[in-house]
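Observations on chain architecture
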Amino acid sequence: MGKIISLWGLLLVSIATSSFAQEYPTKPINLLIANTPAGSVNVSLRMLASHVEKRLGQPLIISNNNAGGGSGAFAIVAKQRPDGYNLVAGASTPLVRIPQLRPVPYKFEDFVPILHYGTMESGLFVRADAPWKTLREFVEYAKKNPGKVTYGVSGTGTPQHLAMEFISMQEGGIQWILVPMPGEDNSIPLLGGHITAASIGSVYTHHVTAGSLRLLATHGERRLKAFPEVPTFRECGYDFINETVMVVAAPKGTPLPVIQKLDDAFHKAMDDPEFVKYMGTAGNLVAYRNHEETKKYLEDAYVRLGKMIKDLKISMEPAKK
Amino acid sequence: MGFFHNILLGFQVVLDPTNLLFCFIGVLVGTLVGVLPGIGPVGAIALLLPATFKAPPASTLIMLAGIYYGTQYGGSTTSILVNIPGEATSIITCLDGYQMARQGRAGPALGIAAWGSFIAGTLSIVGLMFIAHLLAGAALRFGPPEYFALLLTGLIILTYLAQYSILKALMMAVVGLLLGNVGLDMMTSLPRFTFGIDDLTDGVNIIPMAMGLFGISEVLSNIDRDLDPHRKILETRISNLWPSLKDWSEAKGAILRGTVIGFCLGMLPGAGAVLSTFISYAVEKRISKHPERFGKGAIEGVAAPESANNAASGAAMVPLLSLGIPTNMTMALLFAALIIHGIQPGPLLIKNHPDIFWGLIASMYLGNVLLLILNLPLIGIWVKVLKVPSQILFPLILLFCLIGAYSVNNSGFDLILMTLFGAVGYLMRRFRYEAAPLILAFVIGPRLEKALRQSLLISQGSFTIFITRPISGIVLGCAFLLLLLNLFPYVKKRRQKLKDVEE
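Residues numbered from 1 in each chain as written. Chains lettered and ligands numbered in written order. Predicted model: local features only at pLDDT ≥ 70, side-chain atom pairs only at ≥ 80, totals over all residues.

**Regarding the packing of helix α12 (residues 272-287) of chain B against helix α13 (residues 300-315) of chain B**
All names here are of chain B. For clarity, the threshold we go by: All axes here are fitted lines through C-alpha atoms, helices being fitted over the stretch that makes contact, and every angle between N-to-C directions spans 0 to 180 degrees. In DSSP terms, a helix is any run of H or I states spanning at least four residues, a strand is any run of E spanning at least two, and both are numbered starting from the N terminus. Each angle is binned into one of four classes, with values under 35 degrees roughly parallel, values over 145 roughly antiparallel, values of 65 to 115 roughly perpendicular, and all other values oblique. By definition, any crossing whose near helix is turned counterclockwise from its far helix by less than a right angle is left-handed, and any crossing with a clockwise turn is right-handed. Contact between two residues is assigned whenever their backbone-derived C-beta positions fall within 7 Å. All amino acids are sorted into three groups, where Ala, Val, Leu, Ile, Met, Phe, Trp, Tyr, Cys and Pro are nonpolar, Asp, Glu, Lys and Arg are charged, and the leftover types, Gly among them, are polar.
Following both chains from N to C, one finds α12 and α13 inclined at 150°, their axes separated by 8 Å at the closest point. What the angle tells us is that α12 and α13 run roughly antiparallel. Considering how the two elements wind past one another, α12 and α13 form a crossing that is right-handed. Along the contact surface, α12 presents Gly-272, Ala-273, Ser-276, Thr-277, Ser-280, Tyr-281 and Glu-284, while α13 presents Glu-300, Gly-301, Ala-304, Pro-305, Ala-308, Asn-309, Ala-312 and Ser-313. Split into classes, the residues belonging to the contact of α12 with α13 amount to 6 nonpolar, 7 polar and 2 charged.

Now the structure itself:
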């Protein structure tokens, strides 16, 4: 008897979920973007949103929250109902990196990725009038002149910071000086000649086009489309990749059919030529992985980053007892 | 020849009916956003940005810029009428603007704010046009040590803001510095003084804080006064609607000085605009023959900061358009808007897209005229707000504060913060502790710390970096002189006292 009831129950639940997925969405969907209004994740997502809305037949209600470098938004959505009407989007940083650097009220496992649609590119910049033409020359100079080279990054523990520490480790320890520049336009101190180099986002490549900065190498898997002559770190012999991707995610427990539907809607929206054009001008790359691949990718990135943070001895808050 | 040709091109662009409409929408939205407390240009532009994806780039930029400088016109309205700063750049306007309104001089206060904004706005466009490329390079020479020197001077100027007791003002400044420490540490990216509250990771937000300290505490102390049976009813007779000739002669110097200060500081990245309003106010108070009038309804105290914030908004365009460097969040949004349309901001912008650059400049001239036409008739309406009986006005003020504080970050925590600061602000009023030094120190503190630590990193711990670099050396020298000038009267008084005792 009990078995029959539970079978009935199972049947009902499966009917309910399948019809739920067919109907979904029946009301507007909340999307919280973990990025400033001017950030490239925000702008690109809002471009995708209009197409996603058309495909799903329901509006996306978008708001921004950039508290704590994105961890604020993820903390909010982690606690929301996993019904497909609460989504979060941003760089993968608050998912895979921040929880390994300081305590946050959510875990990587609290989320189901829906897709990633782009990669955040970055690289090492020097002034255009600097004597170093290649990364090799720059590293040699830094090795021979300990304490003379200062480099700026947007924050401690960022991939751009890790990239420099990685070189230093591989070269047996280089004494160059880290200057964090949080919350400001990261190109200014370098343009003004106050620091020697800057390991910053590729959004600053327009200074290279304008002839005031030089890009020595990039941190991505592939070369930048706009700068095909600039090698990647890996090509220069440093096995480092900035794996920050632009990701859309939902709270854990969101039904799989819903995830698939959203994945599909966002993926199709990526065909928009204006979106593609924007990503290029903003210095990012369009790159898609579906929900399963993104999950795997982020899990791997989480492990790799954790190991690197440990190996490079990046400062971390003592664990809570 | 080339110049007139360019200006002509600019006006051709802006006089196109579509662009004209975009310009009008921009300044109208800007005025509204400025008047509404909480929601600032960043929120408004972010909201409208997706709507411009399909519009031509020149129109987009014209409209978004209109919102930006339009906000600086509207920001003073609530500061003057109800003591709620509409924007961070209008916090200091509360001090004298609200006092003027209480004396029945809301009209002249709003009028001088509008005219000051117009004059400063127009002058800053002229500056943007002629000296932009010369000054933009100078802005780059401001590295961390130069910032440190400048911000230190700002902290010294803070002492001029004190109205009652200099000791209490300094105490409040220390509180402001402490509050400024809340948030992620710049070196380690680890939270400081957040007490495990995740909402404090990004620090205390200035908008709910200022709304609480000024707006909410004002409402609370008015209720307090209402409870007092012996209270004197404050009759807000509206004497006249426009600034008189006397007002003008008092304010004209302040407007010009405010413009220069606003323009110079506005070009620098960071909180240039906010800082310039405080500094221009302090300068007016310092050079005034009657500094005791400040905080009691001095028209210069409205004219100077309101001119400064408009000049700063024009100046902020300089690094963006000539170097491709956004110096604040709004500029970053304009930067993003350009990129969306496939236009790379930077030194090549003027050459490659003259229609956009000169169209924008021409639209700013036109926009400022539109704003003046839009704002002057509004004064008559605003002043009527003061006639609303307090049992209706006060709940409305509270409601607007709540909506405004929430809208900044969509965060319920900000509401708690505002209420908390409202209660603290009420107590501060009761015991005559001033909020202005607290807020100025709060604005300066974190930036000062960042500049200091960055400088010492660059110099590897040597403090000589502040003296050996020419700009920072000179600025620090001036700061030292300011400090001496401050001390001098006290020393003189002491000597006099000693002499008296001896005799």
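Next comes the rest of the account.
**Examining the sheet that holds strand β7 (residues 177-180) of chain A**
Residue and element names in this part refer to chain A. To be explicit about the condition: Whether two strands pair comes down to DSSP finding at least two bridges between them.
Strand order in the open sheet formed by 5 strands is β7-β6-β8-β5-β9, with mixed pairing between adjacent strands. This sheet does not close on itself; its edge strands, each paired only once, are β7 and β9 (213-218). With direction set aside, neighbouring strand axes in the sheet form an average angle of 30°. Of the pairings in the sheet, the one linking strand β6 (residues 150-153) to strand β8 (residues 197-201) comprises 2 bridges and is parallel in character. Bridge pairing links Gly-152 to Ala-198 in β8. Contacts from helix α6 (residues 135-144) reach β5 (122-127), β8 and β9, with the element oriented near 95° to β9.

**Let's talk about the pairing of strand β1 (residues 29-33) of chain A**
Note on strand geometry: in a regular strand, side chains alternate between the two faces of the sheet. Residue and element names in this part refer to chain A. Put simply, the rule reads: Counting other C-beta atoms within 10 Å of a residue's C-beta gives its exposure: the residue is buried at 20 or more, exposed at 12 or fewer, and partly exposed in between, where C-beta atoms are placed from the backbone. By convention, orient the strands away from the viewer: a clockwise path from the first strand over the helix to the second makes the crossover right-handed.
Burial analysis of β1 places 4 of its 5 residues in the buried class, which makes it a mostly covered element. The pairing of β1 with strand β2 (residues 60-64) spans 5 bridges and is classified as parallel. Bridge pairing in β2 links Leu-32 to Ser-63. With respect to chirality, the unit in which β1 leads through helix α2 (residues 40-56) into the neighbouring parallel β2 is right-handed. Alignment of β1 against strand β3 (residues 86-91), held across 4 bridges, turns out to be parallel. Following the sheet pairing, Asn-30 is matched in β3 by Asn-86.

**Focus on unusual backbone geometry**
One can expect most non-glycine residues to show negative phi and most peptide bonds to be in trans. Cis geometry is found at the peptide bond from Tyr-24 of chain A to Pro-25 of chain A, where omega equals -5°. Among the secondary structure elements, Pro-25 of chain A is positioned in the loop between α1 (2-23) and β1. In this structure, Asn-83 of chain B takes a positive phi of about 65° despite not being glycine. Examined against the element boundaries, Asn-83 of chain B turns out to sit in the loop between α4 (57-82) and α5 (93-102).

**Quick notes on the environment of Gly-237 of chain A**
Tracing the backbone through its elements, the reader meets Gly-237 of chain A in the loop between β9 and β10 (245-251). For Gly-237 of chain A and Ile-167 of chain A, which are 70 residues apart along the polypeptide, the C-alpha to C-alpha distance reads 9.4 Å.

**Overview of the domain arrangement of chain A**
Residue and element names in this part refer to chain A. Defined as follows: Here the limits of each domain have been adopted from an automatic or database domain assignment.
Taken domain by domain, chain A holds domain 1 (22-120 + 244-311) and domain 2 (122-218). Relative placement of domain 1 and domain 2: their C-alpha centres are 29 Å apart. If you look at the interface, domain 1 gives 9 residues, while domain 2 gives 8 residues.

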